[in-house]
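Structure assessment
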Amino acid sequence: MSVTQVKIALSGGPAELALAHRSVDASALENTLKIRHGAGYEHFVHGGEFEAVDGCEIAVFRWSHRTKIAE
(Lines give C-alpha, C1' and ligand atoms only; values in the text may rest on other atoms or scores of the structure.)
Protein backbone atom coordinates (compact mmCIF):
# COMPACT_ATOMS: atom_id res chain seq x y z
CA MET A 1 0.00 0.00 0.00
CA SER A 2 1.55 3.31 -1.04
CA VAL A 3 0.98 6.60 0.72
CA THR A 4 0.67 9.75 -1.35
CA GLN A 5 3.04 12.55 -0.33
CA VAL A 6 1.88 16.16 -0.64
CA LYS A 7 4.27 19.12 -0.78
CA ILE A 8 3.50 21.79 1.81
CA ALA A 9 4.42 25.36 2.69
CA LEU A 10 4.33 26.76 6.23
CA SER A 11 2.91 30.23 6.78
CA GLY A 12 3.53 32.14 10.01
CA GLY A 13 5.42 30.90 13.04
CA PRO A 14 9.24 30.99 13.25
CA ALA A 15 10.81 32.18 9.97
CA GLU A 16 13.43 29.42 9.90
CA LEU A 17 10.72 26.74 9.73
CA ALA A 18 9.20 28.25 6.58
CA LEU A 19 12.50 27.88 4.70
CA ALA A 20 12.54 24.08 4.80
CA HIS A 21 11.07 22.07 1.92
CA ARG A 22 8.56 19.65 3.40
CA SER A 23 6.09 17.01 2.38
CA VAL A 24 3.54 15.06 4.40
CA ASP A 25 1.22 12.10 3.89
CA ALA A 26 -1.97 13.23 2.15
CA SER A 27 -3.96 12.09 5.21
CA ALA A 28 -2.11 14.75 7.28
CA LEU A 29 -4.02 17.52 5.49
CA GLU A 30 -6.90 16.86 7.87
CA ASN A 31 -4.75 17.07 11.02
CA THR A 32 -2.73 19.63 12.93
CA LEU A 33 0.94 19.47 11.97
CA LYS A 34 3.17 19.53 15.07
CA ILE A 35 6.84 20.44 14.46
CA ARG A 36 9.44 20.38 17.23
CA HIS A 37 11.29 23.69 17.45
CA GLY A 38 13.59 24.70 20.30
CA ALA A 39 11.99 23.85 23.64
CA GLY A 40 8.51 23.42 22.22
CA TYR A 41 6.28 22.54 19.30
CA GLU A 42 4.89 24.81 16.61
CA HIS A 43 1.39 23.82 15.48
CA PHE A 44 0.16 24.42 11.92
CA VAL A 45 -3.26 23.71 10.38
CA HIS A 46 -4.38 23.28 6.78
CA GLY A 47 -7.52 25.26 6.02
CA GLY A 48 -7.96 23.93 2.49
CA GLU A 49 -5.70 26.53 0.88
CA PHE A 50 -3.30 25.60 -1.93
CA GLU A 51 -0.85 27.73 -3.88
CA ALA A 52 0.79 27.12 -7.23
CA VAL A 53 4.61 27.02 -7.18
CA ASP A 54 6.54 26.09 -10.32
CA GLY A 55 3.43 24.46 -11.77
CA CYS A 56 2.81 22.31 -8.66
CA GLU A 57 -0.03 22.62 -6.16
CA ILE A 58 1.35 23.06 -2.63
CA ALA A 59 -0.81 22.80 0.49
CA VAL A 60 -0.47 25.81 2.80
CA PHE A 61 -0.37 25.14 6.55
CA ARG A 62 -0.88 28.24 8.70
CA TRP A 63 0.66 28.62 12.15
CA SER A 64 -1.92 28.33 14.93
CA HIS A 65 -0.03 28.18 18.24
CA ARG A 66 3.04 27.01 20.18
CA THR A 67 3.25 24.61 23.09
CA LYS A 68 6.17 23.92 25.40
CA ILE A 69 7.68 20.49 25.97
CA ALA A 70 6.69 19.15 29.39
CA GLU A 71 9.66 18.61 31.67
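As a starting point, this report considers the structure included with it.

The rules behind these values
- Numbers given for residues are sequential positions, taken from 1 along each chain in its written order.
- Confidence filtering applies because this is a predicted model: local features only for residues at pLDDT of at least 70, side-chain atom pairs given and counted only at 80 or more, and all residues used for totals across whole chains, interfaces and linings.
- Water and hydrogen atoms play no part in the side-chain values, which are based on all heavy atoms of the structure.
- Each helix is a run of H or I in the DSSP string that is no shorter than four residues. Each strand is a run of E no shorter than two, and both are numbered from the N terminus.
- Between buried and exposed lies partly exposed: a residue is buried under 20% and exposed over 50% of the maximum accessible area for its type, with that area taken using a 1.4 Å probe on protein chains only.
- Here, two residues are considered to be in contact whenever any of their heavy atoms come within 4.5 Å of each other.
- Under the convention used here, a 1.4 Å probe and the Shrake-Rupley method define accessible areas, while residue burial counts only the protein chains that appear.
- Note that His is not counted, nor are the chain ends; the positive residues are Lys and Arg, and the negative ones are Asp and Glu.
- Every charge is mapped to an atom, namely NZ of Lys, CZ of Arg, CG of Asp or CD of Glu.
- Put simply, a salt bridge is a Lys or Arg side-chain nitrogen that is within 4 Å of an Asp or Glu carboxyl oxygen.

1. Digging into the overall build of the chain
- Summing up its helical and strand segments, the chain has 1 helix and 5 strands in all.
- What you see in the chain, going N to C, is helices and strands ordered as β-α-β-β-β-β.
- Dimensions of the chain along its principal axes, counting C-alpha atoms only, are 40 × 30 × 20 Å.
- Scored against the burial criterion, the 71 residues of the chain give a buried share of 27%.
- Nonlocal contacts in the chain, meaning residues at least 24 apart in sequence, comprise 39% of its contacts between residues at least 6 apart.
- Accessible surface computed for the chain: about 5000 Å², of which carbon and sulfur atoms make up 52%.
- Computed over 7 positive and 9 negative side-chain charges, the separation of the two mean positions in the chain equals 9 Å.

2. Focus: the pattern of salt bridges
- If you walk through the whole model with that rule in mind, you get 2 salt bridges.
- The shortest N-O distance in the salt bridge between Arg-66 and Glu-42 comes to 2.4 Å. With Arg-66 in strand E5 (residues 56-68) and Glu-42 in strand E4 (residues 40-53), this pair connects stretches of sequence that are 24 residues apart.
- Given a relative accessible area of 3%, Glu-42 falls into the buried group.
- Of the charged contacts in the structure, one is a salt bridge between Arg-62 and Glu-49, with a shortest N-O distance of 2.8 Å. Of this pair, Arg-62 sits in strand E5 while Glu-49 is found in strand E4, placing the two residues 13 residues apart along the sequence.

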